[in-house]
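Observations on the three-dimensional arrangement
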Amino acid sequence: MNIIRFVGYDGMHDSKFWFALPGSRDYYLILLINSPSFIEVDGKCQEYPAHTVVIASPNTDIKYGANKEDFLNDWLWIASEDKMLSGFPQLNQPFQVADHEYMHSLFKLLTWETSSYLKSTREICHSGETVPEISERYGFVIPERRSTEAENTVSNQLVIEHILQILFEKLNDELQSNVTGGRCNQLFNLRRKLEKNPEHHWTVAEMAAFVYMSEGHLQMLYKKQYGISCMDDLINIRLQKATDYLCFTTNSVAEIADLCGYVSHEHFSRQFKARYGVSPLKYRHKAHESKKSS
């Protein structure tokens with residue numbers, strides 16, 4: 001069963017906007033944020049681009065606000081026992097959506113339909129479209145209303161449930177598309193960033209922020225994509241870079257360690273020997289001898 005507590009669309013606030021919902025609530029919050037934003041879930045705050053969705057489960061603290069620009073959003077507060085929502089694979093973890101216009105239209109329809117307990121949504125809304133018009137444009141199948149007030153209320157509830165199911169399915173489709181499509185590009189860009197900047201003192205939190213994911217979600221997707229954790233891959237990238245420095249420069253081992261992001265050159269030497277079986281200096285010597293003999 002789904003009970004809508006509050007729903008709206010095209011919310012606009014200035015660049016100083018910041019809003020908090022306590023974890024004591026008994027309903028889900030579904031946000032479609034159409035501007036750059038900050039989102040904090042259970043104390044972890046990150047920056048996100050426009051067209052980000054977050055589904056905050058009941059009993060979860062969430063704060064969100066503007067990031068330098070006016071804050072634009074659609075929102076839904078809903079008490080629900082629907083398994084499509086309670087079992088959603090990425091609760092409390094924001095993700096980007098591609099078809100944000102379609103989702104925006106769903107928030108519109110939900111707003112109009114819930115308001116029709118008091119006023120028929122068949123009237124022209126401020127956007128200039130009726131529910132049938134927007135339903136036809138986006139391919140929704142919305143049941144017709146009946147004539148009496150009691151029957152109209154029942155029909156209205158059926159319409160709302162129908163739109164909610166479309167919304168839940170669309171959210172899931174967007175998440176899956178995000179993971180298999182756009183997320184691959186984001187992970188590829190992250191890996192290129194690591195390769196170009198191995199000297200940077202990377203943390204998982206910083207990598208996650210770069211691709212707008214939670215740390216746990218990043219580590220899961222990275223391992224799935226590349227067969228290795230992001231930190232272990234970074235070590236591989238650094239050590240591979242170190243072999244290039246050893247072979248083609250005259251930098252000292254300490255300098256190479258620094259260029260590859262190691263605070264301690266002793267730690268660098270230990271990792272290098274564990275990977276290649278020899279110390280960095282012996283590796284350099286062997287490389288130079290090999291060049292002479294060839």
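What counts, and at which threshold
Residues numbered from 1 in each chain as written. Predicted model: local features only at pLDDT ≥ 70, side-chain atom pairs only at ≥ 80, totals over all residues. Heavy atoms only, no water. Helix = DSSP H or I, 4+ residues; strand = E, 2+ residues; numbered from the N terminus. Buried < 20%, exposed > 50% of the residue type's maximum accessible area, 1.4 Å probe, protein only. Contact = heavy atoms within 4.5 Å. Areas by Shrake-Rupley, 256 points an atom, 1.4 Å probe, with all protein chains shown as cover. Expected span 1.5 Å × (residues − 1). Axes fitted to C-alpha atoms, helices over the stretch in contact; angles between N-to-C directions. Parallel < 35°, antiparallel > 145°, perpendicular 65-115°, else oblique. Left-handed = near helix turned anticlockwise from the far one by under 90°. Nonpolar A, V, L, I, M, F, W, Y, C, P; charged D, E, K, R; others polar. Pairing = 2+ DSSP bridges. Phe/Tyr/Trp six-rings, centres within 6.5 Å; stacked < 30°, edge-to-face > 60°. Lys NZ or Arg CZ within 6 Å of the ring centre and 35° of its normal.

**Some details on the overall build of the chain**
- In terms of helices and strands, the chain carries 10 helices and nine strands.
- Counting only residues that meet the buried cut, the chain has 46% of its 294 residues in that class.
- For the chain, restricting intrachain contacts to residue pairs at least 6 apart in sequence, the fraction spanning at least 24 positions comes to 72%.
- With the model as given, the accessible surface of the chain reaches about 15,200 Å², and the carbon-plus-sulfur share is 52%.

**Focus on helix α2 (residues 100–115)**
- Here α2 spans 23 Å end to end across 16 residues, near enough to the 22 Å set by a 1.5 Å rise per residue.
- Judged by how many residues are buried, α2 sits mostly within the fold: 13 of 16 residues are covered.

**Topic: the packing of helix α7 (residues 230–248) against helix α10 (residues 280–293)**
- Close contact between α7 and α10 brings their axes to 9 Å; oriented N to C, the two are set at 55°. Relative to α10, the element α7 lies oblique. Seen along the crossing, α7 lies across α10 with a hand that is right-handed. Contact residues: α7 offers T243, Y245, L246, C247 and F248, while α10 offers P280, Y283, R284, A287, H288 and K291.
- Residues of the contact of α7 with α10, tallied by class, amount to seven nonpolar, two polar and two charged.

**Re the packing of α7 against helix α9 (residues 265–276)**
- In the contact formed by α7 and α9, the axes pass within 11 Å of each other and the chain directions differ by 90°. One finds that α7 runs roughly perpendicular with respect to α9. Every residue of α9 that contacts α7 at I235, N236, L239, Q240, A242, T243 and L246 is listed here: F268, Q271, F272, R275 and Y276.
- Split by residue class, the contact of α7 with α9 holds seven nonpolar, four polar and one charged.

**Some words on the sheet that holds strand β5 (residues 44–48)**
- Strand order in this open sheet of four strands is β2-β7-β4-β5, and the pairing throughout is antiparallel. A single partner strand is all that each edge strand has here, and the edge strands are β2 (18–21) and β5. Mean inter-strand twist for the sheet, computed between neighbouring axes without regard to direction, equals 15°.
- In this structure, strand β4 (residues 37–41) lies alongside strand β7 (residues 62–66), joined through five bridges in antiparallel fashion. Bridged to F38 within β7 is G65.

**As for the sheet that holds strand β3 (residues 28–33)**
- Pairing within the open sheet is antiparallel, and its five strands lie in the order β1-β8-β3-β6-β9. The sheet terminates laterally at β1 (2–13) and β9 (95–96), the two strands that pair on one side only.
- Packing against the sheet, α2 makes contact with β1, β3, β6 (52–56) and β8 (71–80), and its axis sits at approximately 120° to β1.

**Quick look at the environment of M220**
- Relative to the assigned elements, M220 resides in helix α6 (residues 215–226).
- Residue classification places M220 among the partly exposed residues on the basis of a relative accessible area of 48%.
- The spacing of M220 and C230 is 10 residues in sequence and 9.4 Å in space, taken between C-alpha atoms.

**Let's talk about the packing of aromatic side chains**
- Enumeration according to the criterion identifies 16 aromatic pairs in this entry.
- An aromatic cluster is defined as three or more aromatic residues linked by ring pairs; in this entry it consists of Y262, F268, F272, Y276 and Y283.
- A cation over an aromatic ring shows up here: R25 above the ring of Y27, its NZ or CZ 5.6 Å from the ring centre.
- One residue, R191, lies across the ring of Y226, its end atom 5.2 Å from the ring centre.

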